[in-house]
Amino acid sequence: MRLETKLALFNALSKLLLVLVGVLIVTPIVQRVAVAHTDQRLHEKKLEVLALVQRDGLDAFVRAERSEIYADYNLLKQEYISITPLDQGPGAPTERVFEERRQVDNEVEDFRILSSVVPAQRAGGRAFRLEIGSSLGTLELLTHTLRQLALWVLVAVALLTVLSDVAFAHYLLGPLRELTVRKLRGIRQPSEFSFAPIATGTTDFRRLDDGLNALMRQIQSAFEKEREFMSNVSHELLTPVSILQSRFENMLQDSTLPEQHARQVVESQHTLYRLRNTVRTLLLIANIENEQYLRDEVVSLSQTVADVAEELDDRRQQRDLALAVDLAPDHVLPRANATLLHTLLRNLLANAIKYNHMGGTIRIAGRPTPAGGYALRVEDTGPGIAAEHLPQLFDRFRRFSAPGPGAPEGYGLGLPIAQTIAAFHGATLRAESVLGQGTAFVVEFGPAAAVAE
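Residues numbered from 1 in each chain as written. Predicted model: local features only at pLDDT ≥ 70, side-chain atom pairs only at ≥ 80, totals over all residues. Heavy atoms only, no water.

Draft legend 1. Up close: the overall build of the chain. Looking only at helices and strands, one finds nine helices and 13 strands in the chain. When each of the 453 residues of the chain is scored for burial, the buried share is 36%. When contacts within the chain are restricted to residue pairs at least 6 apart in sequence, those whose partners lie at least 24 apart make up 68%. Entry remark: accessible area of the chain is about 26600 Å², with carbon and sulfur atoms responsible for 56%. (Helix = DSSP H or I, 4+ residues; strand = E, 2+ residues; numbered from the N terminus. Buried < 20%, exposed > 50% of the residue type's maximum accessible area, 1.4 Å probe, protein only. Contact = heavy atoms within 4.5 Å. Areas by Shrake-Rupley, 256 points an atom, 1.4 Å probe, with all protein chains shown as cover.)

Structure, rendered in structure tokens:
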């Protein structure tokens, strides 16, 4: 998972946790706010009533001679005001707020009540008790409305912060994305690496870029030295090998050479022949990696497979192997090297013959890939390769199974040559194998080549 995705998930989960904690905290806070708001409204109404009493007098609300209680309710019984005359009020006003069930007409409602004793001085010479009540249903409605509003605001703020965090992380990690995508992705060899510095003001990314550039320069220098060494050594070895080969041939033409010595010379010739092939193979790899070959031919994979199959037909029939070729449709490489592609497919088919059971099957199949490229598979029914050996399968001079009966000897250079040729054509070569069932080598070409109609 990408670092940017991990940061986005962490931010989203942290905001979700914040929302959950907020849900637990919002309810009691909103309840307190709603109660405080209701109490404030009750006090405001109390001041309004007192102002009316001072203006109109207490007699405007109650009949003094009968000391009746004045009560007023709104239509929905959500609020009420009551004034009760007192014969003798206390010296100081008393006030309290409480909740109580009250009967209004034929209904019993829960009210939050502000009860206040108004002294005679403020009531025109006569004290009275003032009660102002607000229905708890109204309080619950206010609480519900405030809670919903608070939760929506909390969720909106969380979403906005998540989006802002994602956008900032995307911007902040832009240089790292440029390092992994522009500089490292698709690099098959050090010479393809771009040493252009990335645009960033972050010190850590700048140090990482500088360190990566320095490391790739060292790797590139080591690769160049290795290629130059291999090319020079291989080229220089061909001359003494050819001279020795000529001398051995001249020795065999000597009629006085004893038969025992002649057999030793012939065995030495076989060893020298294998050495010459190995040197030529290393030189071929060095020349391909140094791009000393041209890619200026239009090559049909179907025709190349047919030529390779015909060339190895005798060897295949010696082992009684069945061959099935299915390239539908054919694939044409507009810029390729026909000789190198022939060598690539010849090595893969030769391996399928060499490491197969007697009477087994070889299948060569080609199909377009979803990405617009083309995948060519060479499958055999041999003993297979253990999974732990697959990563080192394309290493030079490394072999993991013995050749079949009568197969020519090798030094583990066939697959490295095939991989080098595939990379030279912008393709990838990989192996798939199951022990006891066989091995498949897949050459996957990119989408640049055209498919023949």
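After that view, the rundown keeps rolling.
Draft legend 2. Examining the environment of V35 more closely. Residue placement: V35 occurs in helix α1 (residues 3-56). Along the backbone, V35 and T143 are 108 residues apart, and their C-alpha atoms lie at a distance of 8.4 Å. In this view, V35 contacts R112 and L139; residues no more than four positions away in its chain are not counted.

Draft legend 3. Local environment of the sheet that holds strand β12 (residues 438-445). Taken in spatial order, the five strands make up an open sheet running β7-β9-β10-β12-β11, and their pairing is mixed. Each edge of the open sheet is held by one strand with a lone partner, namely β7 (322-327) and β11 (428-434). The sheet shows a mean angle of 15 degrees between the axes of neighbouring strands, taken without regard to direction. Pairing between strand β9 (residues 361-368) and strand β10 (residues 374-380): seven bridges, direction antiparallel. Paired with R363 across the strands is E379, a residue of β10. Contacts from helix α8 (residues 338-354) reach β7, β9, β10, β11 and β12 within the one sheet, and its direction differs from that of β10 by about 30 degrees. (Pairing = 2+ DSSP bridges. Axes fitted to C-alpha atoms, helices over the stretch in contact; angles between N-to-C directions.)

Draft legend 4. Summary view of the packing of aromatic side chains. The full count for this structure, using the stated rule, is zero aromatic pairs. We note R96 situated over the ring of F98; from NZ or CZ to the ring centre the distance is 4.0 Å. The lysine or arginine in question, R295, covers the ring of F424, its NZ or CZ lying 4.4 Å from the ring centre. (Phe/Tyr/Trp six-rings, centres within 6.5 Å; stacked < 30°, edge-to-face > 60°. Lys NZ or Arg CZ within 6 Å of the ring centre and 35° of its normal.)

Draft legend 5. Broad picture of the pattern of salt bridges. Tallied over the full model, the rule gives 14 salt bridges. A salt bridge links E99 to R112; the shortest N-O distance between them is 3.2 Å. Taken together, the residues E99 in strand β3 (residues 95-104) and R112 in strand β4 (residues 107-118) connect sequence positions 13 residues apart. Connected through salt bridges with shared partners, the residues R377, E379, R430, E432 and E444 form a single ionic network. (Salt bridge = Lys/Arg side-chain N within 4 Å of Asp/Glu carboxyl O.)

Draft legend 6. How the structure looks around empty space enclosed by the protein. For the structure on display, the rule yields one cavity of 30 Å³ or more. Reported here for the largest cavity is a volume of approximately 40 Å³. In terms of lining residues, the largest cavity is bounded by V305, V308, A309, L345, L349, I364 and V378. Listed by contribution, the elements that provide at least two residues to the lining of the largest cavity are α6 (301-311) and α8. For the lining of the largest cavity, the element with the highest residue contribution is α6, accounting for three residues. When grouped by side-chain class, the residues that make up the lining of the largest cavity number seven nonpolar, no polar and no charged. (1 Å grid on protein atoms, 1.4 Å probe; cavity = no way out; pocket = protein on both sides within 12 Å on 5 of 7 lines; lining within 4 Å. Points joined across faces, edges and corners; volume = space filled by probe spheres on them. Nonpolar A, V, L, I, M, F, W, Y, C, P; charged D, E, K, R; others polar.)

Draft legend 7. Focus on the pairing of β11. Here β11 shows a clear split, with L429, A431 and S433 buried on one side and none of T428, R430, E432 and V434 buried on the other. Pairing between β11 and β12: seven bridges, direction antiparallel. Across the sheet, the residue bridging to V434 is G438, located in β12.

Draft legend 8. Here's a closer look at the UniProt feature "transmembrane region" (unreviewed entry) in the chain. The UniProt entry lists residues 149-173 under the feature "transmembrane region" (unreviewed entry), expressed in the numbering used here. Measuring from the first to the last C-alpha atom of residues 149-173 gives 36 Å, for a span that is 96% helix and 0% strand. (UniProt positions renumbered as here; feature names shortened; annotations may be inferred.)

Draft legend 9. Highlighting helix α2 (residues 136-172). Along its 37 residues, α2 runs 52 Å from first to last C-alpha, staying within 8% of the 54 Å computed at 1.5 Å per residue. Within α2, the full set of buried residues consists of L136, L139, T143, A158, V162 and A169. (Expected span 1.5 Å × (residues − 1).)

Draft legend 10. Inspection of a nonpolar patch on the surface at higher detail. On the surface, a cluster of nonpolar side chains totalling about 560 Å² of accessible area is made up of L17, V21, L24, I25, I29 and V33. With respect to the secondary-structure elements, V33 resides in helix α1. (Patch = residues over 30% accessible without salt bridge, like charges linked within 9 Å, V, L, I, M, F, W, Y side chains within 5 Å.)

Draft legend 11. Spotlight on the side chain of T38. Residue position: T38 is located in helix α1. Owing to a relative accessible area of 4%, T38 belongs among the buried residues under this scheme. The residues touching T38, leaving out its near neighbours within four places in the chain, are R112, S134, L139 and L142.

Draft legend 12. Structural view of the packing of α6 against α8. Closest axis-to-axis distance for the α6/α8 pair is 9 Å, and the angle between their directions is 50 degrees. It follows from the interaxial angle that α6 and α8 lie oblique. Our pair here, α6 against α8, has a crossing hand that is right-handed. From α6, T304, V305, D307, V308, A309 and E311 reach across to α8, where they touch L341, H342, L345, R346 and L349. Looking at the contact of α6 with α8 residue by residue, the class counts come to six nonpolar, two polar and three charged. (Parallel < 35°, antiparallel > 145°, perpendicular 65-115°, else oblique. Left-handed = near helix turned anticlockwise from the far one by under 90°.)

Draft legend 13. Structural view of unusual backbone geometry. In this structure, the amide linkage connecting A328 to the following residue, P329, adopts the cis form with an omega of 0 degrees. Phi at D320 is positive, roughly 55 degrees, even though this residue is not glycine. On the secondary structure map, D320 appears in the loop between α7 (313-318) and β7. Note on D320: relative accessible area 53%, which makes it exposed.

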